[in-house]
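Each chain, written out:
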Amino acid sequence: MKKFHVSQQGIVFVLFVIMFAGFALFLRGFAQLDNLLTLLQNVAILGILGLGMSVVVIGRGIDISMIAALAVPSGLLLQLVQNGMPMAAACAVAIGLSLLFGLVNGWLIAYAEVPSLFTTLASGLFLAGCGQAFFFQLEVVQWPAELDGIAWMGRGTFAGVPMPVVMFGIAAAALALFLKRLRAGAFIYAIGDNPFGARAAGLPTRPIMVLQYVMAALIGVFAGIVMAASVNSMPTRIFNSTMIYDVVLVVVLGGIGLSGGRGGVLNVIIGTLLIGTMLNGMTILDVSYSVQNIVKGVVLLVAILVDSVFNPRNEETAQQGDI
């Protein structure tokens, strides 16, 4: 008889189907097309950030600074254009800041060998502090009319699908090609699975680790521009929110193992759909924000426990100590 392989990804997908069907049957207004499109639009930014986090987690790291990477460079773009800088130059400055931020994170983790958790926690606080102290004149930076040439990234629809969802799909397809078709993607899996073996085999482990954090930072600024275009502003205080926990929840719940070397884009999509469905259902049920945080905390804890079962840390993994 053929044995069925039970995976965390499969379990999460079944839970998503059950939750979606339950809400559709018993929660008035949930199954309406407008609400479903709103659900997708609301979690598109979370999904894009989940893609950036997945690259780092697959390589056996973590990036707590992604919300700062979302808010500060994109907010700086809006602020510079408001102050009269040409759009092309402002975009170059914002992307350059994001690139530098990713390079510093990667260098500290790969070459200085500072644990990724502490590196990204400190760098995120530093970048957010620089934004508040030096870059922004107001906590909410409005979208300037001069940037309307790229506003399509977060506004309107394509074939009836909101553009943030389309941007999520494009980013997911690009990352899937990178991870599955390019040599650098294979190197990330190899390093996440066995960093010592990858180094002994002659793989450029340190440059690839730097690449992971550069990609996470660039995906972060991409998500920030899409978000700013969709809401017509950038609330720079968003780095003080619990959004980073939602990103971690999407990645871990989707089935990307914290021990590294496992998972992919499909896991992020499944995790995003499940979290989006859960949050949308609680919103329709008028569950308070505090109670929603409690539910998300419990779900994250359960997800980490499930991850420890499906992706156990062996002695070699424990010796790495990178997170």
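Residues numbered from 1 in each chain as written. Predicted model: local features only at pLDDT ≥ 70, side-chain atom pairs only at ≥ 80, totals over all residues. Heavy atoms only, no water.

Novice: Break down the pattern of salt bridges for me, with residues and values.
Specialist: The final tally for this structure, using the stated rule, is four salt bridges. Among the salt bridges present, the one from R206 reaches E113, with a minimum N-O distance of 3.2 Å. A residue pair is termed long-range when its members are at least 10 positions apart, and R206 in helix α9 (residues 205-231) and E113 in the loop between α4 (87-110) and α5 (116-135) qualify at 93 residues. Residue classification places R206 among the partly exposed positions, given a relative accessible area of 23%. (Salt bridge = Lys/Arg side-chain N within 4 Å of Asp/Glu carboxyl O. Helix = DSSP H or I, 4+ residues; strand = E, 2+ residues; numbered from the N terminus. Buried < 20%, exposed > 50% of the residue type's maximum accessible area, 1.4 Å probe, protein only.)

Novice: Break down the packing of helix α3 (residues 66-82) against α9 for me, with residues and values.
Specialist: The relative placement of two packed helices is expressed as an angle between their axes plus a distance between the axes. Between α3 and α9, the shortest axis-to-axis distance is 7 Å and the interhelical angle comes to 55°. On the basis of the axis angle, α3 is oblique to α9. Once α3 is placed against α9, the crossing between them reads as right-handed. Packed against α3, whose contacting residues are M66, A69, L70, P73, S74, L77 and L78, the element α9 presents A216, A217, G220, V221, A223, G224, I225, M227 and A228 at the interface. When grouped by side-chain class, the residues that make up the contact of α3 with α9 number 13 nonpolar, three polar and no charged. (Axes fitted to C-alpha atoms, helices over the stretch in contact; angles between N-to-C directions. Parallel < 35°, antiparallel > 145°, perpendicular 65-115°, else oblique. Left-handed = near helix turned anticlockwise from the far one by under 90°. Contact = heavy atoms within 4.5 Å. Nonpolar A, V, L, I, M, F, W, Y, C, P; charged D, E, K, R; others polar.)

Novice: Can you tell me about the packing of aromatic side chains, naming the residues and giving the values?
Specialist: Tallied over the entire structure, the rule returns five aromatic pairs. Each ring, one from F16 and one from F20, has its centre 5.8 Å from the other, and the planes form 50°; the classification is tilted. With F16 and F20 both in helix α1 (residues 8-26) and four residues apart, the pair spans about one turn of that helix. In this structure F16 comes out as buried when scored by relative accessible area, which is 14%. Exposure remark for F20: the relative accessible area of 28% places this residue in the partly exposed category. Centre to centre, the rings of F135 and F136 are 6.4 Å apart; their planes meet at 80°, and the pair counts as edge-to-face. Taken together, the ring pairs connect F13, F16, F20, F23 and F30 into an aromatic cluster. (Phe/Tyr/Trp six-rings, centres within 6.5 Å; stacked < 30°, edge-to-face > 60°.)

Novice: Explain a nonpolar patch on the surface to me, using residue names and the numbers behind them.
Specialist: Taken together, the side chains of I11, L15, V309 and F310 present a nonpolar region at the surface, about 330 Å² in accessible area. For the nonpolar patch, the elements supplying multiple residues, two or more each, are α1 and α12 (289-310). For F310, the position within the fold is in helix α12. (Patch = residues over 30% accessible without salt bridge, like charges linked within 9 Å, V, L, I, M, F, W, Y side chains within 5 Å. Areas by Shrake-Rupley, 256 points an atom, 1.4 Å probe, with all protein chains shown as cover.)

Novice: Break down the environment of A110 for me, citing the residues and quoting the values.
Specialist: Note on placement: A110 falls in helix α4. Residue A110 is classed as buried on the basis of its relative accessible area, which comes to 2%. Sequence separation of A110 and G22 is 88 residues, and the distance between their C-alpha atoms is 46 Å.

Novice: Let's hear about unusual backbone geometry: which residues, and what values?
Specialist: With a phi angle near 70°, R60 is a residue other than glycine that sits in the positive phi range. The topology assignment puts R60 in the loop between α2 (33-58) and α3. Located in the positive-phi region is N232, a residue other than glycine, with phi close to 70°. Structurally, N232 can be placed in the loop between α9 and β4 (233-235).

Novice: Talk me through α4; I want residue IDs and the actual numbers.
Specialist: Between the first and last C-alpha of α4 there are 34 Å, a value that for 24 residues agrees with the 34 Å anticipated at 1.5 Å per step. Along α4, the residues that are buried comprise A90, A94, L97, S98, F101, G102, N105, G106, I109 and A110. On its buried face, α4 sits against α3, α5 and α9. (Expected span 1.5 Å × (residues − 1).)

Novice: Let's hear about α2: which residues, and what values?
Specialist: Helix length check: α2, at 26 residues, gives a terminal C-alpha distance of 35 Å against a target of 38 Å (1.5 Å per residue), a fit within 8%. At A44, α2 shows its largest bend, some 40°. Downstream of α2 by a residue or two, R60 has a phi angle that is positive, lying close to 70°. (Bend = angle between axes of the 7 residues up to and from the residue.)

Novice: Got a sec to walk through the nonpolar core? Specific residues and values, please.
Specialist: Counting residues in each nonpolar core, the largest one holds 96 residues, and the members touching the most others are L49, M53 and L70. With 16 residues, the top contributor of residues to this core is α9. (Core = buried A, V, L, I, M, F, W, Y, C linked by side-chain atoms within 4.5 Å.)

Novice: How would you sum up the layout of surface pockets? Please name residues and give values.
Specialist: Unfilled space is identified by rolling a water-sized probe across the atoms. Empty space within the largest pocket amounts to approximately 610 Å³. Around the largest pocket sit 22 residues that line it, and N42, V43, L46, M243 and L279 are the ones nearest its centre. For the lining of the largest pocket, the secondary structure elements donating two or more residues are α2, α9, α10 (243-254), α11 (265-284) and α12. With six residues, the single largest contributor to the lining of the largest pocket is α2. Of the residues that constitute the lining of the largest pocket, the class distribution is 11 nonpolar, nine polar and two charged. (1 Å grid on protein atoms, 1.4 Å probe; cavity = no way out; pocket = protein on both sides within 12 Å on 5 of 7 lines; lining within 4 Å. Points joined across faces, edges and corners; volume = space filled by probe spheres on them.)

Novice: For the confidence of the model for the protein chain, give the residues involved together with the corresponding values.
Specialist: Considering every residue of the protein chain, the mean pLDDT works out to 89; 93% of them sit at 70 or more. In this model, residues 315-321 is a region of pLDDT below 50 whose contacts with residues beyond four sequence positions or in other chains number eight contacts. (pLDDT = per-residue confidence, 0-100.)

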